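Here is how the chains run, residue by residue.
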Number of protein chains: 2
Amino acid sequence: MYPPPSLIILKLLLSTLLLVTPSQSLSQGNHEDDHESSSLFCESWRFSVETNNAGNWSTIPSRCYEFVNHYMTGDRYVSDLGVTGRNALDYAKTVDIAGDGMDAWVFDIDETLLSMLAYYKLHKFRSTTLKVEVKWGLRHKLTVLPASLSLYNEIRQLGFTVFLLTGRPEWLRNQTVTNLLYAGYNDWERLILRQSYDERKKAIDYKSENRKQLEDEGYRIHGSLGDQWSDLLGYATAQRSFKYPNLMYYAA
Amino acid sequence: MYPPPSLIILKLLLSTLLLVTPSQSLSQGNHEDDHESSSLFCESWRFSVETNNAGNWSTIPSRCYEFVNHYMTGDRYVSDLGVTGRNALDYAKTVDIAGDGMDAWVFDIDETLLSMLAYYKLHKFRSTTLKVEVKWGLRHKLTVLPASLSLYNEIRQLGFTVFLLTGRPEWLRNQTVTNLLYAGYNDWERLILRQSYDERKKAIDYKSENRKQLEDEGYRIHGSLGDQWSDLLGYATAQRSFKYPNLMYYAA
């Protein structure tokens, strides 16, 4: 019923690899000193991930499992999303909109407009299998991130033309559209998904090429929002790029 | 005795402007809920600053004064420096050194190799006047950041040619060299300071131009370390750039 695994989007693939945290992490954090030193370490690990100092990191350090759980399910993740949204909106309001429809804003989808958090929670930040995970996402619909929906609507009201640029493959177009509409997003100009010839490309190249294409069509990309550095770096980058937190996985 | 204020480096100028925190911040944080909500807010503010989401931010939010003080003088700042240093070293070890002396690493100086922390502490993160501050720095010598000295020496031992690229003006060359040697740094290839014709340039342009010059001379810039995004973005950027924390000021 589903296309071969080779087509499955990079993010889901990565999340599967990363969510299998070694079981010894559970035995940590009982002692208060251990807990404090882990917290200090994990805060610094988070700094290295969110600044891109860590580069192409592959796994959540096992001693940070509790930290990530707490960060993602407590107040902090929501707070960071909110502040990022305000940063982006503050900037968006300073942009002169020409009114010719060519002032553009680019959004990533997974962990930016939609969230797998419900799935992560359900499995206590441990994954089962790739196939199950993908099916789950398609069946249960991914959750909207409220800060993102609010920003999305304000960006549109300011007069930006909105592009959705995702690493998801073309065969997920219908499900993706359904999920976006269900979550409350609408009126995007174009939903760009990976084509078969994009399959082997790094995320950063695939995303750069597609932004370049928009520039070649005359669009002025003022802003972009994504959870991965590969959404924000490369070439044909937006005038200002905004980084959402992601402690779950890294997409090169 | 000292050249006119117009020559004083951007960082010191900025730090002076920013350290004058409104006094009302002192009246905050007594109530536990206030403290918790401030902590949540300030953690998110920090995220926005360290990811560059905040862009050209100008002042520490007054409710984050205590947070910054705690971050800078407790364990966290040192821990973040340490992890960044390890990220950089891990990468440096993967670089193939050709042995022709053209494999380069670029370091920023202020808040990267040397630190004004002692000054900030002394004045409880409040500044007096620009002139006093500059004189203080020259007289008392800036403190070394141990993680930086350790990284610096390891980078050199790996065979990289080291360049120091700073926004400080040329007239501070002697004092800068004296301070660097005093702190334990030596054997850099070149110390690059702002010339008179660089005075009005943005930090990001000045730094990019000078990295480009190194590239034109044939150097391969594999890595760079700095506390400002203007050290790491722009053009002729290093293959990998490493961001040190800085919650004190932003240099555009």
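For every chain, the first residue of its written sequence is number 1, and the numbers climb from 1 along that sequence. By the order in which they are written, chains take letters starting at A while ligands take numbers starting at 1. At least 70 in pLDDT is required for a residue's local features to be given in this predicted model, at least 80 for side-chain atom pairs to be given and counted, and no such filter applies to totals for whole chains, interfaces and linings, which use all residues. Note that water and hydrogens are dropped before the side-chain values are worked out from all heavy atoms of the structure.

### Looking at the overall build of chain A
What counts here: Secondary structure is summarised from DSSP: a helix means a run of H or I of at least four residues, a strand means a run of E of at least two, and numbering begins at the N terminus for each. In this scheme, a residue with accessible area under 20% of its type's maximum is buried, one over 50% is exposed, and one in between is partly exposed, where area comes from a 1.4 Å probe on protein chains only. Note on contacts: a residue pair is in contact if any heavy atoms of the two residues lie within 4.5 Å. Note on areas: Shrake-Rupley with a 1.4 Å probe; residue coverage comes only from the protein chains shown.
When helices and strands are counted, chain A shows 10 helices and 7 strands. Expressed as a percentage of the 252 residues in chain A, the buried residues total 54%. Partitioning the intrachain contacts of chain A with sequence separation of at least 6 by distance along the chain shows that 75% fall at a separation of at least 24. Accessible surface, chain A: about 11100 Å² in total, of which carbon and sulfur atoms supply 52%.

### Section: the relation of the copies chain A and chain B
For clarity, the cut-off: Least-squares superposition of the copies uses the C-alpha atoms of those residues scoring a pLDDT of at least 70 in each of them.
After a rotation of 180° and a shift along the axis of 0.0 Å, chain A superposes on chain B with an RMSD of 0.0 Å. Viewed as a symmetry operation, the transformation between the two copies matches a two-fold axis. Measuring from the rotation axis to each C-alpha of chain A, the shortest distance belongs to A:Thr51, at 2.7 Å. An overlap of 100% is found between the interface residues of chain A and their copies at the interface of chain B, pointing to a shared contact surface.

### Considerations on unusual backbone geometry
With a phi close to 50°, A:Ala236 is a non-glycine residue in the positive phi region. Relative to the assigned elements, A:Ala236 resides in the loop between α10 (229–232) and β7 (240–243). Of note in this structure, B:Glu111 is not a glycine but carries a positive phi near 65°. Take B:Glu111: it is sitting in the loop between β1 (103–107) and β2 (114–115). Take B:Glu111: its relative accessible area is 4%, and that puts it in the buried class.

### A closer look at the environment of A:Glu43
Along the chain, A:Glu43 falls in helix α2 (residues 32–50). For A:Glu43, a relative accessible area of 10% corresponds to the buried category.

### Observations concerning the interface of chain A and chain B
Let me state the cut-off plainly: Summed over both partners, buried area is the accessible surface (1.4 Å probe) that two parts give up on being assembled. The salt bridge criterion pairs a side-chain nitrogen of Lys or Arg with a carboxyl oxygen of Asp or Glu, the two atoms within 4 Å. Under the rule applied, a polar contact is a pair of N or O atoms within 3.5 Å (in protein, one hydrogen donor and one hydrogen acceptor; residues adjacent in sequence only if both atoms are side-chain atoms).
Each partner contributes to the interface: chain A provides 26 residues, whereas chain B provides 26 residues. Of the roughly 2100 Å² buried where chain A meets chain B, counting both sides, 56% is carbon and sulfur surface. A per-residue breakdown of the area chain A buries against chain B is headed by A:Leu40, A:Phe47 and A:Asn53, which together make up 28% of the total. On inspection of chain A and its partner chain B, the count reaches 2 salt bridges. Between chain A and chain B we count 10 residue pairs in polar contact (both at pLDDT 80 or more) in total. Contributions of two or more residues to the side of chain A that touches chain B are made by α2, α4 (75–92) and β7 of chain A.

### Looking at the environment of B:Ile60
Counting through the fold element by element, B:Ile60 comes out in the loop between α2 (32–50) and α3 (65–73). Taking the C-alpha atoms as reference, B:Ile60 lies 7.9 Å from B:Tyr249; in sequence the two are 189 residues apart.

### Remarks on the pairing of strand β1 (residues 103–107) of chain A
Residue and element names in this part refer to chain A. Test applied: For two strands to pair, DSSP has to find at least two bridges joining them.
Of all 5 residues that make up β1, 5 are buried, and the element is covered over most of its length. What you see with β1 is no split at all: Asp 103, Trp 105 and Phe 107 on one side and Ala 104 and Val 106 on the other are buried throughout. Bridge count between β1 and strand β6 (residues 220–226): 5 bridges; the pairing is parallel. Within β6, the residue paired with Phe 107 across the bridge is Leu 225. The sheet contact formed by β1 and strand β4 (residues 161–169) spans 4 bridges and is parallel. Residue pairing in the sheet places Ala 104 in a bridge with Thr 161 of β4.

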